[in-house]
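# Residue-level structural notes
Listed below, chain by chain, are the residues.
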Amino acid sequence: MDAEFHLDVALIHHPVVNRHGEIIGSAVTNLDLHDIARASKTFGVSSYWVVTPYPLQQELAAGIVGHWTEGYGGVADSDRAAALALIKIRSSLAEVIDEMTRRHDGRRPKVVATSAASSGEKRVSFAALRQEIISERMPVLLLFGTAWGLAPEALDLADAMLPPIVGPGAYNHLSVRSAASIMLDRLLGRREEADQH
């Protein structure tokens, strides 16, 4: 895949919902920062936005990123430093969309939500979105929710929604890190059969 593309990822910590459907803010975790950053770097994501309005959570995230990009960690593990350098910490999803719009000369990104729940609303297939990203060069912002998923007010900002990742059985509780890696592979991963033609 040699064509230039523009896909950003946003991990939303607020507004998300808990198991009762109540709107909450979730905590930033070290694992989510590291693993989604590494997946993002592997698949050529432009920026990995970490969205939390809470100053202490922003400081925590910035401290982890700083250790691996500016401190000893950056010297000890340059690969991890390159991945975590993709992280940008912002207070709201609206702020991320505005910043991406400015980056793309006033062109608002297509905002695509993800969810473990099955929903037919605004559905876009992985194949169709892959085509838009790679062939049509559309800037896309892919949203991942923490806790029990994106709150309605975050989903309202989305233009489309990808289908959930499902296995053969009823159990459906992937970590957001696993779901992000699978989805990025489906959208941006190299396809050997296509490369052979």
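This text follows the structure it describes.
Residues numbered from 1 in each chain as written. Predicted model: local features only at pLDDT ≥ 70, side-chain atom pairs only at ≥ 80, totals over all residues. Heavy atoms only, no water.

### As for the overall build of the chain
- Helix and strand content of the chain: 9 helices and 8 strands.
- Compactness check: the chain gives a C-alpha radius of gyration of 16 Å against a globular reference of 16 Å for 197 residues, within 12% of the reference.
- Across the 197 residues in the chain, those meeting the buried criterion constitute 45%.
- Of the accessible surface of the chain, which amounts to about 10100 Å², a share of 51% is contributed by carbon and sulfur atoms.
- Across the chain, the mean location of the 19 positive side-chain charges is 2 Å away from that of the 24 negative side-chain charges. (Helix = DSSP H or I, 4+ residues; strand = E, 2+ residues; numbered from the N terminus. Rg over C-alpha atoms; globule rule 2.2 N^0.38 Å. Buried < 20%, exposed > 50% of the residue type's maximum accessible area, 1.4 Å probe, protein only. Areas by Shrake-Rupley, 256 points an atom, 1.4 Å probe, with all protein chains shown as cover. Lys, Arg positive; Asp, Glu negative; His and termini not counted. Charge placed at Lys NZ, Arg CZ, Asp CG, Glu CD.)

### Looking at the nonpolar core
- Counting residues in each nonpolar core, the largest one holds 38 residues, and the members touching the most others are Tyr48, Ile133, Leu162, Leu184 and Leu188.
- If you tally residues by element for this core, the top one is helix 8 (residues 176-188), at 6 residues.
- Discounting residues that sit within four places of it in the chain, Leu184 has contacts with Leu7, Val9, Ala39, Ser40, Phe43, Val45, Leu142 and Gly189. (Core = buried A, V, L, I, M, F, W, Y, C linked by side-chain atoms within 4.5 Å. Contact = heavy atoms within 4.5 Å.)

### Points about the packing of aromatic side chains
- Within the structure shown, the criterion is met by 0 aromatic pairs.
- The positively charged end of Arg186 is found above the aromatic ring belonging to Phe126, 5.0 Å away from the centroid. (Phe/Tyr/Trp six-rings, centres within 6.5 Å; stacked < 30°, edge-to-face > 60°. Lys NZ or Arg CZ within 6 Å of the ring centre and 35° of its normal.)

### Observations concerning the layout of surface pockets
- One number sums up the size of the largest pocket: a volume of about 900 Å³.
- Together, 31 residues line the largest pocket, and Ser115, Ala116, Ala117, Trp148 and Gly149 are the ones closest to its centre.
- Elements with a contribution of two residues or more to the lining of the largest pocket: strand 7 (140-145), strand 8 (160-161) and helix 8.
- Among the elements that take part in the lining of the largest pocket, helix 8 stands out by supplying 4 residues, more than any other.
- Considered class by class, the residues forming the lining of the largest pocket number 16 nonpolar, 10 polar and 5 charged. (1 Å grid on protein atoms, 1.4 Å probe; cavity = no way out; pocket = protein on both sides within 12 Å on 5 of 7 lines; lining within 4 Å. Points joined across faces, edges and corners; volume = space filled by probe spheres on them. Nonpolar A, V, L, I, M, F, W, Y, C, P; charged D, E, K, R; others polar.)

### Remarks on the side chain of Gln57
- Here Gln57 is to be found in helix 2 (residues 55-69).
- Residue classification places Gln57 among the buried positions, given a relative accessible area of 19%.
- Filtering out sequence-adjacent residues up to four positions away, Gln57 remains in contact with Ser26, Ala27, Val28 and Thr52.

### Points about the environment of Ala83
- Here Ala83 shows up in helix 4 (residues 78-84).
- Its relative accessible area of 1% is what places Ala83 among the buried residues.
- Separated by 18 residues in the primary sequence, Ala83 and Val65 place their C-alpha atoms 9.7 Å from one another.

### Details of unusual backbone geometry
- Of note, the amide linkage connecting His14 to Pro15 takes the cis form, showing an omega dihedral of 5 degrees.
- Backbone geometry at Ala147 places phi at a positive 55 degrees, although glycine is not the residue there.
- Tracing the sequence through the fold places Ala147 in the loop between strand 7 and helix 7 (152-155).

### Structural notes on the pattern of salt bridges
- Overall, the coordinates contain 9 salt bridges when judged by the stated rule.
- Across the pair Arg177 and Asp32 runs a salt bridge, and its minimum N-O distance is 2.9 Å. One end of the pair, Arg177, is in helix 8; the other, Asp32, is in helix 1 (residues 30-43), and 145 residues separate them in sequence.
- For Arg177, a relative accessible area of 23% puts it in the partly exposed group.
- Look at the salt bridges and you will find they share partners, linking Asp32, Asp35, Arg38 and Arg177 into a network. (Salt bridge = Lys/Arg side-chain N within 4 Å of Asp/Glu carboxyl O.)

### Re the sheet that holds strand 5 (residues 87-90)
- Taking strand neighbours across the sheet as the criterion, the 6 strands line up as 5-4-1-7-6-8 in an open arrangement whose pairing is parallel. Two strands close off the open sheet at either side, each with one partner strand: strand 5 and strand 8.
- Strand direction decides the pairing type here: strand 1 (residues 7-12) and strand 7, joined by 6 bridges, are parallel. Note on strand 7: the bridge partner recorded for Ala10 is Leu143.
- Helix 8 contacts strand 1 and strand 7 of the sheet and is inclined by roughly 155 degrees relative to strand 7. (Pairing = 2+ DSSP bridges. Axes fitted to C-alpha atoms, helices over the stretch in contact; angles between N-to-C directions.)

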